[in-house]
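Fold and contact review
Chain residues, written in single-letter form:
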Amino acid sequence: QAQNMLASPLDLQLPSVDTFGTTTAGAMDWTHPSAPAVAAVGRLAVSASLQQAVGADRAHALQCLVGQVEERLTPPEPGPAAWQQDRQCLDALYGLARECLALAFAVDRDFEDGSAPSLQGGPDEGFLGQGSEECGWDFGVAVAEAAANGLAAFASALPVAGCEEYLERLALDLDYFAAHLFGGLGRLSSNDQHLRSGQARLLQALQGICTWALAAVGRTLGYGSLSALVLWEWACRDPLWASVLAKGVLSHPGADARHWALSPVPDDLDALQHAILFAVLGLASTDVQFATTSAAGEDVGIAERNVDRCDHRSEMAAAVASCHLVPVLAGAAARVGPTAAPYLAAFLVALLQPEFSGVEWEATSAAALEAHAEVLLGVGSPAAIRALAEARRAASVLAAHASRSSGVLWGFFTEATRQAAAEQGAGLPARWLQDCAALAYFVPPPTPCLQAMFSNALGPGCSAATDPVALVGLIFLAVNCGITPGDGGALVTTLLQLSDDTKRAVAAKWGGWTGPARLEGLAQWGKLIEVPEASAPPPMASQPAPLLAAAPAAPVALVAAPSRGRGTVLQELVEQAPIEFRCSFDGQLMMDPVRTPLGHIFERVGLAHALEVMGGFCPVTGSPLSLEECERQPELRKRIAQWVRGQMVDQQHRARPGLRPGN
């Protein structure tokens, strides 16, 4: 199943370069596709906001560079063919994009563009009152818009023959922004319906940076080739960085953007979002998992590969939760339609790893843990034991995050069953229903969604009504939601009408169930298909232990990975962060720290979500706690921001010394 996740129904082609022309009075009046974005950079270069951020001299230098680039956009023989062959033009556009990205180096570390209110305000200011400097992006709105437009100018000129060499250089240039994009997108997009005008501009600019960067990749390689492996490699095999880039693309509002004139929207955004969605949903596949070890030329045994797979999916689960990616994925999948539903369900189940969460590690002896690791992974080594413990912790974090979006997630799955039944008369694949059952163990759907799924999947003409595999999946979906036959609705009606032969076939499939299963209610459902009560618990079913109510106070060390090309971007940053810069709940690097009355330090957004899930109790101490009781820490936030900028500058200088200002 995991190996098949990379396959996606992508056969999307870019419009030919001829579509960039317009006809006026019978003559071809060609405008270079990059011209609007270059002009936007020029307007920003003379704006007071950019001059305030980077200084008058740096803004003037950018203005002069824009003038030089605009001269390259008017060749002696105008027309798209001339530009397509003009590598000097592409060099000039890439130079402009690079200079726009480098503006961040010229911003003073104490710069504020006036869009952020005081952190000493009342509790109502909170998260929704943040401006650019307090959301994790501390370069100002104008710098973000310049970066987005610079990338748009470069990507709009693609594809050009032989332009692949630019992609690695662009990836290195963009790495510097990783932590800041993570902070900005993570905080702003969590409440994008309540943002002020300046914050909405910033959010769209950050989305534009991600979107145009990956548009450059897609236009160069072709969107049909923008696979999970390509995204993984381009994000330097860093699950958190890959998730950040994907979130920026998938959350881009497109034509609905309020500030599209300031940050242009790719005309092939639908194709890009389609490709990125399926690329993300393929990141749990074994092909991606083994890319690192294959690149290193290592000869890895089966047991070690099992441990690597467990580690890889735990890292992905933590990244998806940290980026608040589940509702974004559900929204993007809904735009694609029911064909995306099986991929999304399989992806989430792969990250939750229910087969590894059946042991309460905190109350188990060392000898027993070794035995469990030997059975589950083929080796009882300390690395295997640690990998299984981390899998359970990561599943807890992801399940808590996904539960906050259960209505959006299961609403999509419900609509997918309805559309598939209406269009095909056969419902979705049985394997998808089994994945839904496994997912429901961790993230149960709202009752109306569950009943609607039963009705849609078992409607007139749907093959699921007589398919033993599909029926077992629906039964365990009900079981894992805590539904008894008395509340089974359409599912109970269907089971009561089965022929004896079909009941026996369903009972046989029941015995082969290998997914997670709640024991409560199993026997009652088994009676409907004449399964003996003693055989009600399937022998191969996993019974995951209760998920962790809270992560340990001490941050859990992330899995050490082999060499990852040019080096991880965000994951290494988190691993290197001083303990006082990391959240007490999940160990992630903080961008907006708050202190509780008992002295624990949390990332504000993460704490807000944890309090919501835990009903107003501290995720570390278990004592009653409200967000209003927690004081924001402006000095600590500034120290973290300065440390991040220093780390990223040093990292970028080691990789590309030429990106520093003035070079």
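Throughout this document, residue positions are counted from 1 along each chain, in the order its sequence is written. Only residues with pLDDT of 70 or above have their local features reported here, since the model is predicted, and side-chain atom pairs are shown and tallied only from 80 upward, although totals for entire chains, interfaces and linings are computed over all residues. The basis for every side-chain value is the complete set of non-hydrogen atoms in the structure, without hydrogens or water.

**Topic: the overall build of the protein chain**
Put simply, the test is: We count a stretch as a helix when DSSP gives it H or I for four or more residues in a row; a strand needs E for two or more, and each element gets its number in order from the N terminus. Buried residues are those whose accessible area, probed at 1.4 Å on protein chains only, stays under 20% of the maximum for their type, while exposed residues exceed 50% and partly exposed ones sit between those limits. We call two residues in contact whenever any of their non-hydrogen atoms come within 4.5 Å of each other.
In terms of helices and strands, the protein chain carries 29 helices and five strands. Going through the 663 residues of the protein chain one by one, you find that 57% of them count as buried. Counted over contacts in the protein chain with a minimum sequence separation of 6, partners at least 24 positions apart contribute 78%.

**Quick look at the sheet that holds strand β3 (residues 593-595)**
The pairing of strands in a sheet comes from backbone hydrogen bonds and takes either a parallel or an antiparallel form. Using the following cut-off: Pairing between two strands requires that DSSP report at least two bridges joining them.
Strand order in the open sheet made by the three strands is β4-β3-β5, with antiparallel pairing throughout. On the outer flanks of this sheet lie β4 (601-603) and β5 (631-632), each paired with one strand and no other. Here two bridges tie β3 to β5, and the two strands are oriented antiparallel to one another. Within the sheet, the bridge partner assigned to arginine 595 lies in β5 and is glutamate 631.

**Overview of the packing of aromatic side chains**
The description of two aromatic rings rests on the distance between their centres and on the angle between their planes. Counted only if it meets this: Each Phe, Tyr or Trp ring, with Trp reduced to its six-membered ring, pairs with another whose centre is within 6.5 Å; inter-plane angles below 30 degrees give stacked pairs, above 60 give edge-to-face pairs, and intermediate values give tilted ones.
Considering all chains together, one arrives at eleven aromatic pairs under this definition. Here phenylalanine 154 and tyrosine 166 contribute two aromatic rings whose centre-to-centre distance is 5.6 Å and whose plane-to-plane angle is 55 degrees, an arrangement assigned as tilted. A residue pair is termed long-range when its members are at least 10 positions apart, and phenylalanine 154 in helix α6 (residues 141-156) and tyrosine 166 in helix α7 (residues 165-175) qualify at twelve residues. Judged on exposure class, the residue phenylalanine 154 and its partner tyrosine 166 are both buried.

**A word on the confidence of the model for the protein chain**
Short version of the rule: Scored from 0 to 100, pLDDT reflects the predictor's confidence in each residue.
For the protein chain, per-residue confidence averages 79 on the pLDDT scale, and 76% of positions sit at 70 or higher. Ranking the elements of the protein chain by mean pLDDT puts strand β1 (residues 21-24) last, at 32, and helix α12 (residues 269-281) first, at 97. Counting interchain partners and residues more than four positions distant, the pLDDT-below-50 stretch residues 1-28 has 51 contacts. Of the regions scoring below 50 in pLDDT, residues 548-567 engages in 52 contacts with residues more than four places distant in sequence or in other chains.

**Digging into the side chain of serine 285**
Under the convention used in this document: Definition of a polar contact: a pair of N or O atoms within 3.5 Å, with one able to donate and the other able to accept a hydrogen when the atoms are protein atoms, and with sequence-neighbouring residues admitted only if both atoms are side-chain atoms.
Inspection of the secondary structure puts serine 285 in the loop between α12 and α13 (286-289). For serine 285, a relative accessible area of 0% puts it in the buried group. Within polar-contact distance, the side chain of serine 285 engages the backbone oxygen of glycine 282 at 2.9 Å.

**Describing helix α3 (residues 56-72)**
The line we're drawing: Here the expected length of a helix is defined as 1.5 Å per residue gap, with one fewer gap than residues. The directions from the helix axis to the C-beta atoms are what the arc is built from.
Its 17 residues give α3 an end-to-end C-alpha distance of 25 Å, which sits within 8% of 24 Å, the value for a rise of 1.5 Å per residue. For α3, the complete set of buried residues consists of Arg58, Ala59, Leu62, Val66 and Val69. Buried residues of α3, seen end-on, are gathered within an arc of 95 degrees and therefore sit on one face of the element. Residues Asp57 and Glu71 are exposed on α3 and point more than 90 degrees away from its buried face.

**Notes on the packing of helix α1 (residues 35-45) against α3**
For clarity, the cut-off: Inter-axis angles, ranging from 0 to 180 degrees, are taken between N-to-C directions of lines fitted to C-alpha atoms, where helices are fitted over the stretch in contact. Roughly parallel covers angles under 35 degrees, roughly antiparallel covers those over 145, roughly perpendicular covers 65 to 115, and oblique covers all other angles. Helix crossings get a hand from a simple test, with the near helix turned counterclockwise from the far one by less than a right angle marking a left-handed crossing and a clockwise turn marking a right-handed one. Think of it as three bins: nonpolar holds Ala, Val, Leu, Ile, Met, Phe, Trp, Tyr, Cys and Pro, charged holds Asp, Glu, Lys and Arg, and polar takes everything else, Gly as well.
Where α1 contacts α3, the axes come no closer than 9 Å and their chain directions differ by 155 degrees. As judged from the angle between their axes, α1 and α3 are roughly antiparallel. Along this stretch, α1 crosses α3, giving a crossing that reads as left-handed. For the pair α1 and α3, the contacting residues are Val38, Ala39, Val41, Gly42 and Ala45 in the first and Ala59, Leu62, Gln63, Val66, Val69 and Glu70 in the second. Residues of the contact of α1 with α3, tallied by class, amount to eight nonpolar, two polar and one charged.

**Here's the deal with the nonpolar core**
Heads up, the rule is: Here, nonpolar core means buried Ala, Val, Leu, Ile, Met, Phe, Trp, Tyr and Cys residues that are tied together by side-chain atoms lying within 4.5 Å of each other.
One finds Trp410, Phe413 and Trp525 to be the most contacted residues of the largest nonpolar core, which totals 200 residues. Non-local contacts of tryptophan 410, meaning those with residues more than four positions away in its chain, are made with Cys436, Leu439, Ala440, Val443, Pro444, Pro445, Pro446, Cys449, Met453 and Leu477.

**Some words on the pattern of salt bridges**
Keep this limit in mind: One side-chain nitrogen of Lys or Arg within 4 Å of one carboxyl oxygen of Asp or Glu is enough to make a salt bridge.
Applying the stated criterion across every chain, the model contains 14 salt bridges. In this structure, glutamate 165 and arginine 169 form a salt bridge, with 4.0 Å as the shortest nitrogen-oxygen distance. On the criterion of helical spacing, the pair formed by glutamate 165 and arginine 169 is a turn pair, its members being four residues apart in helix α7. Members of the salt-bridge network, linked through shared partners, are Arg219, Asp267 and Asp268.

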